[in-house]
Amino acid sequence: MTDQADTGPAGRTPDGTPAGGARSLLPDRARVVVAGHRGLVGSAIARRLTAEGHAVLTRDRAELDLRDAESTARWLRATRPDAVVLAAARVGGIMANATYPVQFLEDNLRIQLSVVAGAHAAGVPRLLFLGSSCIYPRLAPQPIREDALLTGPLEPTNEAYALAKIAGIVQVQSYRRQYGAGYISAMPTNLYGPGDNFDLATSHVLPALIRRFHEAAQAGAPQLALWGSGTPRREFLHVDDLAAACTLLLRRYDADEPVNVGCGTDLTIRELAETVREVVGYRGEIGWDTTKPDGTPRKLLDISRLSALGWRPRIALRDGIAQVYAQWRAQGADAAPGPAADPGAGAPAGSH
Ligand SMILES: NC(=O)C1=CN([C@@H]2O[C@H](COP(=O)(O)OP(=O)(O)OC[C@H]3O[C@@H](n4cnc5c(N)ncnc54)[C@H](OP(=O)(O)O)[C@@H]3O)[C@@H](O)[C@H]2O)C=CC1
Ligand SMILES: C[C@H]1O[C@H](OP(=O)(O)OP(=O)(O)OC[C@H]2O[C@@H](n3cnc4c(=O)[nH]c(N)nc43)[C@H](O)[C@@H]2O)[C@@H](O)[C@@H](O)C1=O
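All values reported here derive from a predicted model rather than from experimental measurement.

A. How the structure looks around the packing of helix H6 (residues 205-219) against helix H8 (residues 269-280). Interaxial distance between H6 and H8 falls to 9 Å at its minimum, and their mutual angle equals 45°. As the angle between them shows, H6 and H8 are arranged oblique. In this structure, H6 meets H8 at a crossing whose hand is right-handed. Across the interface between the two elements, Val205, Leu206, Leu209, Ile210, Phe213 and His214 from H6 touch Ile269, Leu272, Ala273, Val276, Arg277 and Val280 from H8. Looking at the contact of H6 with H8, its residues break down into ten nonpolar, one polar and one charged.

B. Inspection of the site of ligand 1 at higher detail. Taken together, 25 residues lie near ligand 1, and Val41, Arg61, Asp65, Tyr161 and Lys165 sit nearest. Separating an oxygen atom of ligand 1 from a backbone N or O atom of Gly39 is a distance of 3.1 Å. Within the backbone of Ala89, a nitrogen or oxygen atom sits 3.3 Å from an oxygen atom of ligand 1. Coverage of ligand 1 by the protein amounts to 85% of the 900 Å² it exposes when considered alone. Among the secondary structure elements, those contributing two or more residues to the shell around ligand 1 are helix H1 (40-51), helix H5 (159-179) and strand S6 (190-192). Taken together, the residues that form the shell around ligand 1 break down as 13 nonpolar, seven polar and five charged.

C. Quick peek at the packing of H8 against helix H10 (residues 317-330). Where H8 meets H10, the closest approach of the two axes is 10 Å, and the angle between their N-to-C directions is 50°. The orientation of H8 with respect to H10, classified from their angle, is oblique. Both H8 and H10 take part in a crossing whose hand is right-handed. Residue-level inspection shows Leu272, Thr275, Val276, Glu278, Val279 and Val280 of H8 in contact with H10, the latter providing Leu317, Arg318, Ile321, Ala322 and Tyr325. Per-class residue counts for the contact of H8 with H10 are eight nonpolar, one polar and two charged.

What counts and how
- Residues numbered from 1 in each chain as written.
- Chains lettered and ligands numbered in written order.
- Predicted model: local features only at pLDDT ≥ 70, side-chain atom pairs only at ≥ 80, totals over all residues.
- Heavy atoms only, no water.
- Axes fitted to C-alpha atoms, helices over the stretch in contact; angles between N-to-C directions.
- Helix = DSSP H or I, 4+ residues; strand = E, 2+ residues; numbered from the N terminus.
- Parallel < 35°, antiparallel > 145°, perpendicular 65-115°, else oblique.
- Left-handed = near helix turned anticlockwise from the far one by under 90°.
- Contact = heavy atoms within 4.5 Å.
- Nonpolar A, V, L, I, M, F, W, Y, C, P; charged D, E, K, R; others polar.
- Near = heavy atom within 4 Å.
- Polar contact = N/O pair within 3.5 Å; in protein donor to acceptor, adjacent residues only side chain to side chain.
- Areas by Shrake-Rupley, 256 points an atom, 1.4 Å probe, with all protein chains shown as cover.

So this is what it looks like as structure tokens:
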């Protein structure tokens, strides 16, 4: 069995070895702060850590704004965890990134400064920083290796966010180089899973397509216009697979270079749309609104570094989409009215 199976008895990893133990960089029953614990990624990592027998420590945003360096440092000093996972960030899809570059740059820089510096000041020995595949050059050779970082111009629609994330990587590397801190970075590809953001103005493509196809099917709309040309290629990883990679890295990885986390295969947005359409059961026509941006043409990650540690993704894309769609409907979220309803349904810019 790989290190990737879902759960095991408390205190043990899914491959049956102790969650901590002599070879692990994370002690048994570690106390781990998860910053961003209510988000897509943070909640999945918190579930995974709990399943492995660790204690997850959190603070809601209403009590602690992580952009506030002093309060964050005070909380980390009082908590003194064994490790910190930094999964708090301002996150969004292509339109949110392109529309609010100031917030994507400044909020993320401030959160990273607070949490990483605060963890070091509190003597926290392990920290995992979550970056993103958008840190790599827009036209990086595919699949993208970690050493492609800073070798070319970035994708303009998410340049501000990417630069904040690159600063986070360098910050983590600097604490390692200057102070010998056991701080590491993971670079996930596009993620999806339970608890994703379905707000059409700010979401990533996968939850947006689930919602838009669902609403178009409910309305009996004959056509639905999706964004861009449909030709960009993306790689999609279920967040539970990411969470397994993150706890593996906390246990086993202790080096300067970031680690890519992807599933190893990609598909076009058009192919993704066909898959989501089938899962949801929409029978109308798909059009493409080419006034909306495509973003990066392709960003498939090279995952050899992570694979060498024994990690494998387990959740097939179609199964994951069906799971997320079922969960979203079970939560009654599909019935929610409001401003996020899709103005594009039934009014495509062009059909193919
Ligand atoms: N989603 C994706 O496709 C990808 C995500 N990532 C990375 O994973 C990480 C998490 O992303 P994801 O889970 O998708 O994002 P979400 O938006 O789902 O979650 C972000 C979390 O950060 C918290 N947060 C944001 N700002 C603050 C703040 N000022 N103070 C306290 N908490 C704050 C949010 O709190 P609240 O819930 O209260 O709003 C939320 O819990 C990010 O670093 C992102 O770059 C990387 C690649 C792809
Ligand atoms: C994770 C990653 O996520 C972002 O980068 P992105 O992958 O370009 O973002 P996306 O998921 O929003 O779009 C992917 C593709 O899909 C197309 N698309 C079609 N129809 C819809 C649609 O309805 N909504 C959205 N959002 N996209 C659509 C869209 O035009 C694009 O071609 C950045 O935040 C970046 O910083 C980052 O890290």
